[in-house]
Amino acid sequence: MTEAILLVGGKGTRLRPLTVHTPKPMVPAAGVPFLTHQLARARAAGVEHIVLATSYLAEVFEPYFGDGAALGLHIEYVTEEEPLGTGGAIRNVASRLRSGPDEPVLVFNGDILTGLDIRALVRTHETAGADVSLHLTQVTDPRAYGLVPTDASGRVLAFLEKPQTPEEIVTDQINAGAYVFRRSVIDTIPAGRVVSVERETFPGLLAAGAHLQGMVDSTYWLDLGTPAAFVRGSADLVLGRAPSPAVPGRCGDRLVLPTATVAPDAKLAGGTVVGEGAFVAEGARVFGSTILPGAVIEPGAVVTDSLIGTRARVGERTVLTGTVIGDGATIGPHNELRAGARVWCDATIPAGALRFSSDR
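Residues numbered from 1 in each chain as written. Predicted model: local features only at pLDDT ≥ 70, side-chain atom pairs only at ≥ 80, totals over all residues. Heavy atoms only, no water.

**Brief notes about the UniProt feature "domain: Nucleotidyl transferase" (unreviewed entry) in the protein chain**
Point 1. Sites flagged by UniProt as "domain: Nucleotidyl transferase" (unreviewed entry) map to residues 4–236.
Point 2. End C-alpha to end C-alpha, residues 4–236 measures 25 Å, and it is 26% helix and 25% strand. (UniProt positions renumbered as here; feature names shortened; annotations may be inferred. Helix = DSSP H or I, 4+ residues; strand = E, 2+ residues; numbered from the N terminus.)

**What about the nonpolar core?**
Point 1. Counting residues in hydrophobic clusters, the biggest one holds 29 residues, and the most contacted among them are Ile-5, Ile-90, Val-132, Leu-134, Phe-181, Phe-202 and Leu-212.
Point 2. When contributions to this core are tallied by element, the ones reaching two or more residues are β1 (3–7), β4 (49–54), α3 (85–92), β6 (104–109), β8 (132–138), β11 (173–182), α5 (183–186) and α6 (197–207).
Point 3. Contact partners of Leu-212, with chain neighbours within four places excluded, come to Val-132, Leu-134, Gly-154, Arg-155, Val-156, Phe-159, Phe-202, Leu-205 and Leu-206.
Point 4. Ala-42, Ala-45, Leu-73 and Tyr-77 belong to the second largest nonpolar core, which has 26 residues in total. (Core = buried A, V, L, I, M, F, W, Y, C linked by side-chain atoms within 4.5 Å. Buried < 20%, exposed > 50% of the residue type's maximum accessible area, 1.4 Å probe, protein only. Contact = heavy atoms within 4.5 Å.)

**Description of the sheet that holds strand β22 (residues 302–304)**
Point 1. On the basis of which strands lie adjacent, the open sheet formed by five strands has the order β16-β19-β22-β25-β28 and parallel pairing. The open sheet is flanked by β16 (267–269) and β28 (336–337), the only strands paired with a single partner.
Point 2. Where strand β25 (residues 319–321) meets β28, two bridges bridge the pair, whose relative direction is parallel. Looking across to β28, one finds that Val-319 is bridged to Glu-336. (Pairing = 2+ DSSP bridges.)

**Let's talk about the sheet that holds strand β20 (residues 290–291)**
Point 1. Read across the sheet, six strands follow the order β14-β17-β20-β23-β26-β29 without closing on themselves; strand pairing throughout is parallel. Edge positions in the sheet fall to β14 (254–256) and β29 (342–343), since each has one partner strand and no second.
Point 2. Relative to β20, strand β17 (residues 272–274) is paired through two bridges, and the arrangement is parallel. Looking at the pairing, Val-274 lines up with Ile-291 of β20.
Point 3. Against the sheet, helix α7 (residues 227–239) touches β14, β17, β20, β23 (307–308), β26 (324–325) and β29, its axis set at about 90° to β17. (Axes fitted to C-alpha atoms, helices over the stretch in contact; angles between N-to-C directions.)

**With respect to the pattern of salt bridges**
Pairs can form between side chains of opposite charge whenever their charged atoms are close.
Point 1. The tally for this structure, following the rule as stated, stands at 13 salt bridges.
Point 2. A salt bridge links Arg-232 to Asp-236; the nearest nitrogen and oxygen atoms lie 3.7 Å apart. Here Asp-236 and Arg-232 lie together in helix α7, a separation of four residues that amounts to about one turn.
Point 3. By relative accessible area, Asp-236 is classed as buried at 5%.
Point 4. Within the structure, one salt-bridge network assembled from shared partners comprises Glu-76, Arg-96 and Arg-98. (Salt bridge = Lys/Arg side-chain N within 4 Å of Asp/Glu carboxyl O.)

Below is the structure:
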């Protein structure tokens, strides 16, 4: 296998305000755009040619990655004029593929952080002689996912979308968002319209008698679709729990980018990232959080499991827990924001305006 399709066209609505100005795959995780980790892992598995299927804020990708040479790749870009869904996006880039009809093409989603053994998935595909092979992972509560039951040999039996009742939950195996397609199968996807591989392509292939193979790989897997998950994924990359050759430094309790400034008595832990040009002042405490480039954490602030946007400012002795602060926003001193709070880009919260605990 030498080529892959990477689906990066989604709007990332669940991640707003992080994705107001930045497409989801370009939001920094462990110091670099999340997409960098995926590209680096694909290259490490032997992929040489990658086609990015772009849509939302498509103009951001090519200026950053160029032709991919810096990563040892050849990258091409195809932009959808209108969103086409997962299947439609795959079909839309088919003309850029170089593989022969029976050769494997890797396809993966731009919002999944995983330790998947890509080479093992390809070997499984080739050994089984499958038309499509799917990475499956096991989860404790599968109700939010599509279930994929398989037989003893790993052959897929059905696709069950987001079951809700105990009777419907027949397996804990879910579609983990990485596939290997036989090249010729991609050409059978209808062109020029919205197609979902999960709801149309895969069930249709199964009904037509195609061989769909599942490979269960229960190494690290995380859907980065929510702010809490994104912050956790970035921290896990820094801590070394999630594997990536693209982390710009040694794994450990914190990652401070070269032009960032951290006061000597500030405390950083839990996989915290401090981005380029950011500043963490004296007495501040930051745990398991991502501080994006140019952001400022003022003296005595406490930031936990949160993401602070580019050029945002967190005021003196403000306490943030499980929150997202948009690009350019200002949180004045002595505020307190708890889990689930999202402050929009360029918003300003005055000093002492928001609290959850009683006044001091």
